[in-house]
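Take a look at the letters that make up each chain.
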Amino acid sequence: MVKAWYMDNDLSDQRLEHHRNPPEFISLDDLYKKTGVEYFNININTFTTDGVLDKIKKDRGYTYEDEIVCSKECLPNYEEKIKSFIEEHLHTDEEIRLVLDGSGYFDVRDGSDHWIRIAVSAGDMIVIPSGIYHRFTLDTNNFIRAKRFFIGEPVWLPYNRPADEMPCRKDYLHKLEKGFVDANINVLYVLKFLKLRLVKTKFSLDMAEGMIIFTLWYIALAYNYYK
Ligand SMILES: CSCCC(=O)/C(O)=C/O
Ligand SMILES: [Fe+2]
Ligand code: NI
C-alpha cells in the first residue's frame, strides 16, 4: 500500500527511507493538492478482467503500454539507467506507472521545492504530471516490475533540472498556482448551487439533472479549450 512522506536532507544511500525526524507522512489527498500526483489502487490479481484498469485507460486515453523490470539481471545498462532515474528531471508528458511486483520510491518536489517520497509496491498506480521535477530509485529490495502507459507514441526522454524555461514546466507551475483541487471543488460547488436553484425554481429533478449534464459538458469543452 502506497505511503508518502517528506524526506530529510541526508544525501546518503537513496535506497533507504529518508524519513524526517520525527516522520512527516502526507495523505494522498494532500499529495494531489501539493503536487498534482494522482493515485489509483489496482487489484493486480484481477485487473485483467475486473475492468478497473480498462476504465482508467479508456477515460484517460492511454493507448500504449509495456512493462519495465528494474533489476541488475533484467535491465539493460542497469547502472546507467538507475543513475539517470535518480537524477532530478521532468518529462513533457505524464509518467504513468502501475507496479506489478517489487517496490521502489518516486520522489517529487512540492511547490516549496521540498522532496516528497512516494513508496510504491504491487497494486500502486501513480500518474506523475508533466513538468514536475521528480526522480526514481529502487529501495533496498533492488527490484521492481511495472507497467508503463502512454497517450500515443511513448516519449521517455528526461530533461534534467534546470529545465525551467520548458513550456511544460511553465504549464505545470501555472496549474500548481491555480491549485489542483480548487478547480474541481469550484466546479462541484457551482453544480450543487445550480441544482439547488433549479429545483427551487420548480424545475423537475429530471430537468435539473439535464441542465447539470449540459453544464458539465459545457465546462468540459471550455476546459479543453483553455487548458
Ligand atoms: C519503475 S519505472 C522506472 C523509472 C522510470 O521509468 C522513470 O521514468 C523515472 O522517472
Ligand atoms: Fe521520470
Ligand atoms: Ni522517467
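See the structure shown above.
Residues numbered from 1 in each chain as written. Chains lettered and ligands numbered in written order. Predicted model: local features only at pLDDT ≥ 70, side-chain atom pairs only at ≥ 80, totals over all residues. Heavy atoms only, no water.

Q: What is the right way to read the coordination of the nickel ion (ligand 3) from this model?
A: The reference angle at a metal is 109.5 degrees if four donors form a tetrahedron and 90 or 180 degrees if six donors form an octahedron. Protein-derived ligands of the nickel ion (ligand 3) are His91 (NE2) and Glu95 (OE), with the metal-ligand distances lying across 2.4 to 2.6 Å. Metal-centred angles of 63 to 157 degrees between the four donor atoms at the nickel ion (ligand 3) mark the site as irregular. Here the nickel ion (ligand 3) and the iron ion (ligand 2) are spaced 2.2 Å apart, and both take histidine 91 as a donor. The same class applies to histidine 91 as to glutamate 95, namely buried. (Donors = N, O, S within 2.8 Å, 3.2 Å for Na, K, Ca; no water. Tetrahedral: all angles 85-135°; square planar, octahedral: opposite > 155°, others 65-115°. Buried < 20%, exposed > 50% of the residue type's maximum accessible area, 1.4 Å probe, protein only.)

Q: What is the right way to read helix α4 (residues 167–178) from this model?
A: Helical geometry: 3.6 residues make up each α-helical turn, so side chains three or four residues apart lie on a common side. For α4, built from twelve residues, the straight-helix expectation of 16 Å at 1.5 Å per residue is met to within 8% by its first-to-last C-alpha distance of 17 Å. Inspection of α4 places Cys168, Arg169, Tyr172 and Leu176 among the buried residues, and these make up the whole buried set. Seen from one end, α4 has its buried residues packed into an arc of 100 degrees, which puts them on one side. Along α4, the residues that are exposed and aim more than 90 degrees away from the buried face are Pro167, Glu177 and Lys178. (Helix = DSSP H or I, 4+ residues; strand = E, 2+ residues; numbered from the N terminus. Expected span 1.5 Å × (residues − 1). Arc of directions from axis to C-beta.)

Q: Looking at this structure, how should I read unusual backbone geometry?
A: Peptide bonds are mostly trans, and most non-glycine residues show a negative phi. The step from asparagine 21 to proline 22 runs through a cis peptide bond, and the omega angle for that step is -5 degrees. Mapped onto the elements, proline 22 comes out in the loop between β1 (3–6) and α1 (28–35). A cis amide bond links arginine 161 to the next residue, proline 162, at an omega of 5 degrees. Here proline 162 lies in the loop between β10 (159–160) and α4. Of note, the phi angle at asparagine 77 is positive, near 50 degrees, even though the residue is not glycine. Looking at the secondary structure, you find asparagine 77 in the loop between β3 (64–70) and α3 (78–86). For asparagine 142, which is not glycine, the phi dihedral falls at a positive 55 degrees. The residue asparagine 142 is located in the loop between β8 (134–138) and β9 (144–150) in this model.

Q: Any chance you could explain the pairing of strand β5 (residues 95–109) here in plain terms?
A: Every regular strand shows the same layout, with side chains that alternate between the two sheet faces. Of all 15 residues that make up β5, 13 are buried, and the element is covered over most of its length. Where β5 and strand β7 (residues 124–128) come together, four bridges link them in antiparallel fashion. Within β7, the residue paired with arginine 97 across the bridge is isoleucine 126. Where β5 lies against β9, six bridges are found, and the strand directions are antiparallel. Looking at β9, one finds that leucine 98 is bridged to lysine 147. In terms of strand pairing, β5 meets strand β6 (residues 115–121) through seven bridges, oriented antiparallel. Note on β6: the bridge partner recorded for arginine 109 is tryptophan 115. Joining the antiparallel neighbours β5 and β6 is a turn of five residues, in which aspartate 113 adopts a positive phi near 70 degrees. Examined bridge by bridge, β5 and β8 share five bridges and lie antiparallel to one another. When the bridges of β8 are listed, aspartate 107 appears paired with arginine 135. (Pairing = 2+ DSSP bridges.)

Q: Where do I start with the packing of aromatic side chains in this structure?
A: Aromatic ring pairs: the centre-centre distance and the angle between the two ring planes describe each pair. Applying the stated criterion across every chain, the model contains ten aromatic pairs. Ring centres of phenylalanine 85 and phenylalanine 136 lie 6.0 Å apart, and the angle between their planes is 80 degrees; this geometry places the pair in the edge-to-face category. With phenylalanine 85 in helix α3 and phenylalanine 136 in strand β8, the pair connects residues that are 51 residues apart, well separated along the chain. Looking at phenylalanine 85, the relative accessible area reads 21%, which means it is partly exposed. Their ring planes at 80 degrees and their centres at 5.7 Å tell us that phenylalanine 150 and tryptophan 156 sit as a pair that is edge-to-face. Among the aromatic residues, those joined into a ring-pair cluster are Trp5, Phe25 and Tyr105. (Phe/Tyr/Trp six-rings, centres within 6.5 Å; stacked < 30°, edge-to-face > 60°.)

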